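Residues per chain, in single letters:
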Amino acid sequence: SQQGEEDPQALSIQEGENATMNCSYKTSINNLQWYRQNSGRGLVHLILIRSNEREKHSGRLRVTLDTSKKSSSLLITASRAADTASYFCATEPRRDTDKLIFGTGTRLQVFP
Amino acid sequence: DVKVTQSSRYLVKRTGEKVFLECVQDMDHENMFWYRQDPGLGLRLIYFSYDVKMKEKGDIPEGYSVSREKKERFSLILESASTNQTSMYLCASSSSPRDEQFFGPGTRLTVL
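## What about the layout of surface pockets?
Approximately 430 Å³ is the volume found for the largest pocket. Around the largest pocket, the lining is made up of 21 residues, and of these Gln37(A), Ser86(A), Phe88(A), Gln37(B) and Pro39(B) lie nearest the centre. When residues of the lining of the largest pocket are traced back to their parent elements, those giving at least two are strand E9 (85-93) and strand E11 (106-111) of chain A together with strand E4 (31-38) and strand E9 (87-94) of chain B. Broken down by class, the residue content of the lining of the largest pocket amounts to four nonpolar, 14 polar and three charged.

## Description of the pairing of strand E5 (residues 42-49) of chain B
Residue and element names in this part refer to chain B. Along E5, seven of the eight residues are buried, which leaves the element largely enclosed by surrounding structure. Counting the residues between successive antiparallel strands, the hairpin from E4 to E5 contains three residues, one of them, Gly40, with a positive phi of roughly 80°. Relative to strand E6 (residues 56-57), E5 runs antiparallel, the two being bridged by two bridges. Within the sheet, the bridge partner assigned to Tyr47 lies in E6 and is Lys57. Once E5 ends, the chain turns through six residues before running back antiparallel as E6, passing Lys53 with a positive phi of about 65°.

## Re the packing of aromatic side chains
Within the structure shown, the criterion is met by nine aromatic pairs over all chains. Between the aromatic rings of Tyr35(B) and Phe103(B), the centroid separation amounts to 5.7 Å while the plane-to-plane angle is 35°, which identifies the pairing as tilted. On the criterion of sequence distance, the pair formed by Tyr35(B) in strand E4 and Phe103(B) in strand E10 (residues 102-103) is long-range, its members being 68 residues apart. Phe103(B) carries the same exposure label as Tyr35(B), and that label is buried. Among the aromatic residues, those joined into a cluster by ring pairs are Tyr35(A), Phe102(A), Phe33(B), Tyr35(B), Phe48(B), Tyr50(B) and Phe103(B).

## Quick look at the environment of Ser71(A)
Residue and element names in this part refer to chain A. As for its position among the elements, Ser71 is in strand E8 (residues 71-76). Judged by relative accessible area, Ser71 falls into the partly exposed class, the value being 23%. Sequence separation of Ser71 and Leu32 is 39 residues, and the distance between their C-alpha atoms is 9.6 Å. Each residue touching Ser71, except ones within four places of it in the same chain, is listed here: Cys23, Ser24, Tyr25, Thr64, Leu65 and Asp66.

Cut-off values and rules
- Residues numbered from 1 in each chain as written.
- Chains lettered and ligands numbered in written order.
- Predicted model: local features only at pLDDT ≥ 70, side-chain atom pairs only at ≥ 80, totals over all residues.
- Heavy atoms only, no water.
- 1 Å grid on protein atoms, 1.4 Å probe; cavity = no way out; pocket = protein on both sides within 12 Å on 5 of 7 lines; lining within 4 Å.
- Points joined across faces, edges and corners; volume = space filled by probe spheres on them.
- Helix = DSSP H or I, 4+ residues; strand = E, 2+ residues; numbered from the N terminus.
- Nonpolar A, V, L, I, M, F, W, Y, C, P; charged D, E, K, R; others polar.
- Buried < 20%, exposed > 50% of the residue type's maximum accessible area, 1.4 Å probe, protein only.
- Pairing = 2+ DSSP bridges.
- Phe/Tyr/Trp six-rings, centres within 6.5 Å; stacked < 30°, edge-to-face > 60°.
- Contact = heavy atoms within 4.5 Å.

Nothing here speaks to function; it is geometry throughout.
This is how it looks when you write it as structure tokens:
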């Protein structure tokens, strides 16, 4: 069963612009994580935000979490061509803490 | 740095063959996971393991089995490969189910 769904499915921007991706989920969670995947490769963990946190920063990344709306957003500021990748949210459901449930991803293309 | 390695990047097999996908991690992680990734469906959990000789079914275990004889190694087995098992297979490990997962580079399996 899919917990998270990202929006938009695809996003194209110019270098220097900001990119915002959204994730919606269905059930209560303990935490939400964002991952990045370069084409044809494994996923790399970017950031984890816990259910009692509202915002978290890491370098050019800013993640927000709104548990009342069951949604999260990932903002990449001052994007670079090297940010071109797919981005996935993953949730740890509160009632099923054994595993993460991944969304379908947002494909980001940053043009130089 | 955590390293998760998978035995093959690309694999081509014939329908009915028995297929072994190997995954090794070097960080003494308790938890290991096998996912498959298909376009539009994101990552789906096949099996996971909390400890040696222990395994749990994920969301799509049908047609697969796993083996974990040693802590660092988690194998995915396709007993009789079918064309609908053509996919990207990703292995991951983590110190705790709640924490970030570290992924291998993936194996792209084609079943003819």
